[in-house]
Amino acid sequence: MASRMSVSWRLAARTIAAPARCSTSASAPRAVLRQQSQRRLYSSEPPRSSSGGSSKIKFWPFLGVIALGTAGYVALVNRRKDMPPAVGAPTPAAGQLPAPAKSTPTFSPDDVTVIFVLGGPGAGKGTQCANLVSKHGFTHLSAGDLLRAEQERPGSQFGDLIRDYIKNGLIVPMEVTVQLLENAMTDALAKGGSSKGRFLIDGFPRKMDQAHKFEEAVCPAKLVLFYDCPEDVMEKRLLERGKTSGRSDDNAESIRKRFRTFIETSMPVVDYYEKEGKVIKVDATAAPDKVFANTEKRLTERLGTKY
Ligand code: UDP
Ligand code: MG
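Cut-offs applied
Residues numbered from 1 in each chain as written. Chains lettered and ligands numbered in written order. Predicted model: local features only at pLDDT ≥ 70, side-chain atom pairs only at ≥ 80, totals over all residues. Heavy atoms only, no water. Salt bridge = Lys/Arg side-chain N within 4 Å of Asp/Glu carboxyl O. Helix = DSSP H or I, 4+ residues; strand = E, 2+ residues; numbered from the N terminus. Buried < 20%, exposed > 50% of the residue type's maximum accessible area, 1.4 Å probe, protein only. Phe/Tyr/Trp six-rings, centres within 6.5 Å; stacked < 30°, edge-to-face > 60°. Lys NZ or Arg CZ within 6 Å of the ring centre and 35° of its normal. pLDDT = per-residue confidence, 0-100. Contact = heavy atoms within 4.5 Å. Pairing = 2+ DSSP bridges. Axes fitted to C-alpha atoms, helices over the stretch in contact; angles between N-to-C directions. Parallel < 35°, antiparallel > 145°, perpendicular 65-115°, else oblique. Left-handed = near helix turned anticlockwise from the far one by under 90°. Nonpolar A, V, L, I, M, F, W, Y, C, P; charged D, E, K, R; others polar. UniProt positions renumbered as here; feature names shortened; annotations may be inferred. Polar contact = N/O pair within 3.5 Å; in protein donor to acceptor, adjacent residues only side chain to side chain.

Some remarks on the pattern of salt bridges
Item 1. Evaluation of the coordinates by the stated rule reveals 15 salt bridges.
Item 2. The shortest N-O distance in the salt bridge between Lys196 and Asp111 comes to 3.0 Å. Of this pair, Lys196 sits in the loop between helix H7 (174-192) and strand E3 (197-202) while Asp111 sits in the loop between helix H3 (53-82) and strand E1 (112-119), and the two are 85 residues apart along the sequence.
Item 3. For Lys196, a relative accessible area of 54% gives the class exposed.
Item 4. Overall, the relative accessible area of 28% leaves Asp111 in the partly exposed class.
Item 5. The partner of Arg258 in a salt bridge is Asp249, with the nearest N and O atoms 3.5 Å apart.
Item 6. Judged by its relative accessible area of 9%, Arg258 is buried.
Item 7. Under the relative-accessibility criterion, Asp249 is labelled buried at 4%.
Item 8. Members of the salt-bridge network, linked through shared partners, are Arg241, Arg247, Asp249, Asp250 and Arg258.

Encoded structure:
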């Protein structure tokens, strides 16, 4: 796991860094500087000698432009050699699991069923997932739990980063979460000794980039279970949970930030899947057993009695 993560994080870090290095905003000042230095050659260089004639004065500036251009091009080519493959390109990682930076999903939806479980913080995703696991035999993967486990894993290079993001209710860079999920899915399938599996992916995707990345690199999703709950109810539940959860983000300030992230960043994901006709919306205000009964009913309507 450590080496897998280290490969993917190096990739992630460089992927994040890459656009800045080749963006127009980064290259524009360089281009301006180049133009300025070219202009200086024209405007301030005095003729070396009067006997040189005008053809000599015109020749050197052109040579300078060509030299600068060539040097710039070579530098650009060399920089690109160091860049990671673009997102979606295959990642060679000998002897390790491939990082999910590719265009073919690792798992086929014929073998692997993925149901995303979404809802605001405190909507009851974890509780309902536990019920679905015990009654219907899904494998439950909580993105938040995987991130917290990675944060605590001795030697993890993501520990501090994850801690920071979670405390502030922000979304951890997707490469980390997508890789953790893919690893967990691979492990679960290996443990079950089968290429077939049914997964509830809880609390993910919380941002559009995660959704696209996961579906493109790991596995297309079949459905989204969306637990709909008013903020005041969720807040009450989270503050109650905070008394014993030991979670760094179950406090009033973090909760406020999480709600904001949920509305601004995560709801667009639900809206996107809604348009795709993949969302099952369940009212999550009632007591857990009522919500579960409703969940089963809605899943049966969509998938039949065997799911
Ligand atoms: N998180 C993240 N990416 C994800 C899922 C979770 O960055 O895909 C982080 C985020 O900071 C979130 C925190 O993990 O606020 C807790 O997530 P969890 O799903 O455990 O919270 P819940 O919704 O269950 O309250
Ligand atoms: Mg949860």
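So, the packing of aromatic side chains
Item 1. Overall, the coordinates contain 5 aromatic pairs when judged by the stated rule.
Item 2. Their ring planes at 65 degrees and their centres at 6.0 Å tell us that Phe116 and Phe204 sit as a pair that is edge-to-face. Note that Phe116 is positioned in strand E1 and Phe204 in the loop between E3 and helix H8 (208-217), a separation of 88 residues in sequence. For the pair Phe116 and Phe204, one class covers both residues: buried.
Item 3. Seen from their ring centres, Tyr272 and Tyr273 are 4.9 Å apart, and the 75 degrees between their planes marks the pair as edge-to-face.
Item 4. Aromatic ring contacts, followed pair by pair, group Phe116, Phe204, Phe214, Tyr272 and Tyr273 into a single cluster.
Item 5. Taking the ring centre of Phe138 as reference, the NZ or CZ of Arg198 above it sits at 4.5 Å.

Section: the confidence of the model for the protein chain
Item 1. On average, residues of the protein chain score 79 in pLDDT, and 67% of them reach the 70 mark or higher.
Item 2. Taken together, the stretch residues 1-55 has pLDDT below 50 and engages in 58 contacts with residues farther than four places along the chain or on a different chain.
Item 3. Low pLDDT, under 50, characterises residues 76-98; the predicted model gives this stretch 34 contacts beyond four residues in sequence or across chains.

A closer look at the sheet that holds strand E5 (residues 279-283)
The strands making up a sheet are joined through hydrogen bonds of the backbone, oriented either antiparallel or parallel.
Item 1. With parallel pairing, the 5 strands of this open sheet are ordered in space as E2-E3-E1-E4-E5. Taken across any chain shown, the strands that pair with only one partner, and hence form the sheet edges, are strand E2 (139-142) and E5. For this sheet the average axis-to-axis angle between neighbouring strands, irrespective of direction, equals 20 degrees.
Item 2. As judged from the 6 bridges shared by E1 and E3, these two strands associate in the parallel manner. Bridging from a neighbouring strand, Val117 pairs with Asp202 of E3.
Item 3. Taken strand by strand, helix H5 (residues 143-152) contacts E2 and E3, and its axis lies near 60 degrees from that of E2.
Item 4. Seen against the sheet, helix H11 (residues 288-303) touches E1, strand E4 (223-228) and E5 and runs at an angle of roughly 155 degrees to E5.

Structural notes on the packing of H7 against H8
Item 1. Packing of H7 against H8 leaves a shortest axis separation of 10 Å and a crossing angle of 40 degrees. Taken together, the axes of H7 and H8 are oblique relative to one another. H7 and H8 meet at a crossing whose hand is right-handed. Here Met174, Thr177, Val178, Leu181 and Met185 of H7 lie close against H8, whose contacting residues are Asp209, Gln210, Lys213 and Phe214.
Item 2. In terms of residue class, the contact of H7 with H8 is made up of 5 nonpolar, 2 polar and 2 charged.

Digging into the UniProt feature "binding site: a ribonucleoside 5'-phosphate" (unreviewed entry) in the protein chain
Item 1. Under the present numbering, the feature "binding site: a ribonucleoside 5'-phosphate" (unreviewed entry) in UniProt falls on Arg148, Leu170, Ile171, Val172, Gly203, Phe204, Pro205, Arg206, Gln210, Arg247 and Arg258.
Item 2. By secondary structure assignment, the location of Arg148 is in helix H5.
Item 3. Apart from the residues lying within four places of it in its own chain, the contact partners of Arg148 are Ile166 and Arg247.
Item 4. Dropping the residues within four chain positions of it, Arg247 is found in contact with Arg148, Arg241 and Arg258.
Item 5. A polar atom in the side chain of Arg247 sits 2.9 Å from the side chain of Asp249.

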